[in-house]
Amino acid sequence: MHTREEKMAAFGRMLDVLDTLREKCPWDKKQTNESLRPNTIEETYELCDALMKGEASEICKELGDVLLHVGFYARIGEENRQFDIADVCNHLVDKLIFRHPHVYHPSQIGAPAPQPLPYGEDAGKSEFSEAKNVEQVLDNWEQIKQKEKDGNKSVLSGVPIALPSMIKAYRIQDKARHVGFDWEDKQDVWSKVREELDELEVELKREDKKRSEQELGDFLFAVINAARLYHLNPDNALETTNQKFIRRFNFIEQHSIKEGKPLTEMTLGEMDALWDEAKKNENY
């Protein structure tokens, strides 16, 4: 691992190269916040793919790509005399200090070298200074965010509109939980899941597409709620199943190519048999 000095030098090296490319490369020179945004989304998803695979070298590479975009946006902000990378870092650090009163006294906001408690201040005088476990930290976090000068105006306003629907549902439910709006007993959620499934089946039998879609949304929301209560990440779970389906279906397709028999000419029974064979070949 590298020393602190080596890490700082590497960060400075990245900024130097980014500055040079912005001045000398035709492509880098013409980029704007708007033109970079789609690439940023793509790079973020590529990082998520690497994280799912758990390959350290790929995670490191994709982190670099995301970091490049952070530096790029900061450079554009600097050119427009709005902010620079130092403002980005300082704003982040001050926000972290403000949201961790159990670690830092509020007086350390803006300090060049923030010192954690205890160092003379009375921690007991700071609101939210007590946080003995993860749940208490998270509960405090949501309440503290609403006290920030430029923070969220309501509990759910901090959930990005553009989040994928499944992640958004999870975040909405999680934020509501931190202010006390949640099931008292997690097992009670299953009656809600069954209720929503029954209502979905009723609308499907009626062939009412609009109502069926609404009830499907309610059912999925309830299932995601159940996953959250049992500390399961529904997005990760679904992606794991997606990858599992891809592996097994690819096995069927490769077999069809090997046998010279197109998938469209195979019976469902033949494909099911190959699916079962693919399952047996998997290592758990």
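Summary of the structure given here.

What counts, and where the lines are drawn
Residues numbered from 1 in each chain as written. Predicted model: local features only at pLDDT ≥ 70, side-chain atom pairs only at ≥ 80, totals over all residues. Heavy atoms only, no water. Axes fitted to C-alpha atoms, helices over the stretch in contact; angles between N-to-C directions. Helix = DSSP H or I, 4+ residues; strand = E, 2+ residues; numbered from the N terminus. Parallel < 35°, antiparallel > 145°, perpendicular 65-115°, else oblique. Left-handed = near helix turned anticlockwise from the far one by under 90°. Contact = heavy atoms within 4.5 Å. Nonpolar A, V, L, I, M, F, W, Y, C, P; charged D, E, K, R; others polar. Salt bridge = Lys/Arg side-chain N within 4 Å of Asp/Glu carboxyl O. Buried < 20%, exposed > 50% of the residue type's maximum accessible area, 1.4 Å probe, protein only. Patch = residues over 30% accessible without salt bridge, like charges linked within 9 Å, V, L, I, M, F, W, Y side chains within 5 Å. Areas by Shrake-Rupley, 256 points an atom, 1.4 Å probe, with all protein chains shown as cover. Lys, Arg positive; Asp, Glu negative; His and termini not counted. Charge placed at Lys NZ, Arg CZ, Asp CG, Glu CD. Expected span 1.5 Å × (residues − 1). Polar contact = N/O pair within 3.5 Å; in protein donor to acceptor, adjacent residues only side chain to side chain.

### Examining the packing of helix 10 (residues 234-259) against helix 11 (residues 268-281)
The geometry of helix 10 relative to helix 11 is characterised by a closest axis approach of 9 Å and an angle of 125° between their N-to-C directions. It follows that helix 10 is oblique to helix 11 by the angle criterion. Note that helix 10 runs across helix 11; the crossing there is right-handed. In this structure, helix 10 contributes F245, R248, F249, F251, I252 and H255 to the contact, and helix 11 contributes M271, L274, W275, E277, A278, K279 and N281. The residue makeup of the contact of helix 10 with helix 11, split by class, is eight nonpolar, two polar and three charged.

### Topic: the pattern of salt bridges
The tally for this structure, following the rule as stated, stands at 17 salt bridges. One salt bridge in this structure joins K61 and E62, with 2.8 Å as the shortest N-O distance. Taking the relative accessible area as the measure of exposure, E62 reaches 5% and is therefore buried. In this structure, the salt-bridge partner of E282 is R248, at a minimum N-O distance of 3.0 Å. Of this pair, E282 sits in the segment after helix 11 while R248 sits in helix 10; the two residues are 34 residues apart in sequence, bridging distant segments of the chain. When its relative accessible area of 7% is taken as the criterion, R248 is described as buried. Within this structure, D19, R22, E23, R75 and E79 form a network of salt bridges that share partners.

### Regarding a negative patch on the surface
A cluster of like negative charges, contributed by D198, E199, E201 and D218, occupies part of the molecular surface. The greatest single-element share of the negative patch, amounting to three residues, is contributed by helix 8 (residues 189-206). Examined against the element boundaries, D218 turns out to sit in helix 9 (residues 209-229).

### Notes on the packing of helix 3 (residues 33-53) against helix 4 (residues 56-79)
Where helix 3 meets helix 4, the closest approach of the two axes is 9 Å, and the angle between their N-to-C directions is 160°. As the angle between them shows, helix 3 and helix 4 are arranged roughly antiparallel. Every pair of crossing elements has a handedness; the one defined by helix 3 and helix 4 is left-handed. Every residue of helix 4 that contacts helix 3 at N33, L36, R37, N39, T40, E43, T44, E46, L47, A50 and L51 is listed here: E58, I59, E62, L63, D65, V66, H69, F72, Y73 and I76. Classifying every residue of the contact of helix 3 with helix 4 gives 10 nonpolar, five polar and six charged.

### Observations concerning helix 5 (residues 85-98)
Here helix 5 contains 14 residues, and its C-alpha end-to-end distance of 20 Å stays within 8% of the 20 Å for a straight helix at 1.5 Å per residue. For helix 5, the N-terminal capping position is held by D84, with its side-chain oxygen 3.0 Å away from the main-chain nitrogen of A86.

### Thoughts on the side chain of R22
Its location among the elements puts R22 in helix 1 (residues 4-24). For R22, a relative accessible area of 9% puts it in the buried group. Engagement of the side chain of R22 in a polar contact is seen with the backbone oxygen of K29, the distance being 3.4 Å. Excluding its chain neighbours within four sequence positions, the residues that come into contact with R22 are D28, K29, K30, Q31, F72, R75, I76 and E79.

### Section: the environment of E277
Topologically, E277 is positioned in helix 11. Here the alpha-carbon distance between E277 and I252, two residues 25 residues apart in the chain, equals 9.2 Å.

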